[in-house]
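Descriptive analysis of the structure
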Amino acid sequence: MDLQERYIRILSKYLPEETEVIKLWKALKGVYRQTFRKYHNLNHLVELFSYYDIHKDVIEHEEEIMLAIYYHDYVYSVWKKDNEEKSAEKAVQVLQHIGYPEVGIDRIKELILCTKHHQGKSNDENYLIDFDLAILGQPEAMYDDYALKIRKEYVKIPHLLYRKGRKKVLQHFLSKDSIYQTEDFKSKFEARARTNLTNELNRL
């Protein structure tokens, strides 16, 4: 199922006017197609949904985690530190507009916010965090392509400043007892992720 079909199928349950659903999809698609987004784009959503589809049997609130995936990077600026908060606000705005259940909105908001510091308080939050960080544990060539795309997103940041900030991010992950939250992802990706992060750190 592609991104558009999945999105429309979910929202159509709450918003019967097809033109309104399409309008919301086009707005979301347009944001993720912003030209500066080299990694945090529609392909990133496809990537997260590939992990969701593998692990959906252990997800408690499937629809809510899917909506969190769609909106978790809706607002993305390399100059701001409140992207997750703004993305959560956008999700709340859209979901309240379509009459989504408030308890579900609250969970979606928390799911999006947990991707900021990569700390979860529930099973679903832990899996969303791991979906989002799975790229860190991919084969070397895939990781290097990801790292290059991140640098391109920060192209307006001078090299010395970027180097300092990126080193801080890499060291933060390496200092954690575990990069991943779930046993599934720890067993599959933890060792490779630490190697990838260490290699990038050594190149900086």
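Anyway, here's the lowdown on the structure attached to this text. Just so you know, these numbers come straight off a predicted model, no measurement behind them.

On to helix 5 (residues 83-97), then. Over its 15 residues, helix 5 extends 21 Å from the first C-alpha to the last, a length consistent with the 21 Å expected when each residue adds 1.5 Å. Buried residues of helix 5: N83, E84, S87, A88, A91, V92, V94 and L95, and no others. At its buried positions, helix 5 is contacted by helix 2 (18-32), helix 4 (62-71) and helix 6 (102-117). Positioned one or two residues after helix 5, G99 has a phi angle of 80 degrees, which is positive.

Of all the residues in helix 1 (residues 3-11), the buried ones are L3, R6, Y7, I8, I10 and L11. Buried positions along helix 1 lie against helix 2, helix 3 (42-55) and helix 4. Two or three places before Q4, at the opening of helix 1, D2 has a side-chain oxygen 3.3 Å from that residue's backbone nitrogen.

With that out of the way, let us pick up the pattern of salt bridges. Following the criterion strictly, the structure yields 14 salt bridges and no others. Close ionic contact of K116 with E85 constitutes a salt bridge, the shortest N to O distance being 3.6 Å. Placement of the pair is K116 in helix 6 and E85 in helix 5, with a sequence separation of 31 residues. According to the relative accessible area criterion, K116 is partly exposed, its value standing at 24%. Taking the shortest distance from any N to any O, the salt bridge between K86 and E89 comes out at 4.0 Å. In this pair, K86 and E89 both sit in helix 5, three residues apart, roughly one turn of the helix. Salt bridges linked by common partners bring E84, E85 and K116 together as one network.

Here we take up the packing of aromatic side chains. Applying the stated criterion across every chain, the model contains 20 aromatic pairs. Considering the side-chain rings of F49 and Y52, the 6.2 Å spacing of their centres and the 90 degrees angle between planes classify their relative orientation as edge-to-face. Of this pair, F49 and Y52 are both found in helix 3, three residues apart, which corresponds to roughly one turn of the helix. For the pair F49 and Y52, a shared accessibility class is recorded, and that class is buried. The interplanar angle of 55 degrees and the centroid separation of 5.6 Å between the aromatic rings of F185 and F189 together place this pair among those described as tilted. Taken together, the residues F185 and F189, both in helix 10 (residues 183-203) and four residues apart, mark about one turn of the helix. If you follow R37 out to its NZ or CZ, it ends over the ring of Y32, 4.9 Å from the centre. Over the ring of Y162 we find R151, and its NZ or CZ is 4.2 Å from the ring centre.

Relative orientation of the contacting elements helix 3 and helix 7 (residues 123-133) amounts to 130 degrees, with a least axis distance of 9 Å. The angle between the axes of helix 3 and helix 7 places the two elements in the oblique class. Considering only the axes of helix 3 and helix 7, their crossing is right-handed. Counted together, H44, L48, Y51, Y52 and H55 of helix 3 and Y127, L128, F131 and D132 of helix 7 form the full contact between these two elements. Of the residues that constitute the contact of helix 3 with helix 7, the class distribution is six nonpolar, two polar and one charged.

Calculation rules
Residues numbered from 1 in each chain as written. Predicted model: local features only at pLDDT ≥ 70, side-chain atom pairs only at ≥ 80, totals over all residues. Heavy atoms only, no water. Helix = DSSP H or I, 4+ residues; strand = E, 2+ residues; numbered from the N terminus. Expected span 1.5 Å × (residues − 1). Buried < 20%, exposed > 50% of the residue type's maximum accessible area, 1.4 Å probe, protein only. Contact = heavy atoms within 4.5 Å. Polar contact = N/O pair within 3.5 Å; in protein donor to acceptor, adjacent residues only side chain to side chain. Salt bridge = Lys/Arg side-chain N within 4 Å of Asp/Glu carboxyl O. Phe/Tyr/Trp six-rings, centres within 6.5 Å; stacked < 30°, edge-to-face > 60°. Lys NZ or Arg CZ within 6 Å of the ring centre and 35° of its normal. Axes fitted to C-alpha atoms, helices over the stretch in contact; angles between N-to-C directions. Parallel < 35°, antiparallel > 145°, perpendicular 65-115°, else oblique. Left-handed = near helix turned anticlockwise from the far one by under 90°. Nonpolar A, V, L, I, M, F, W, Y, C, P; charged D, E, K, R; others polar.

As far as function goes, none of this settles anything; it's purely spatial.
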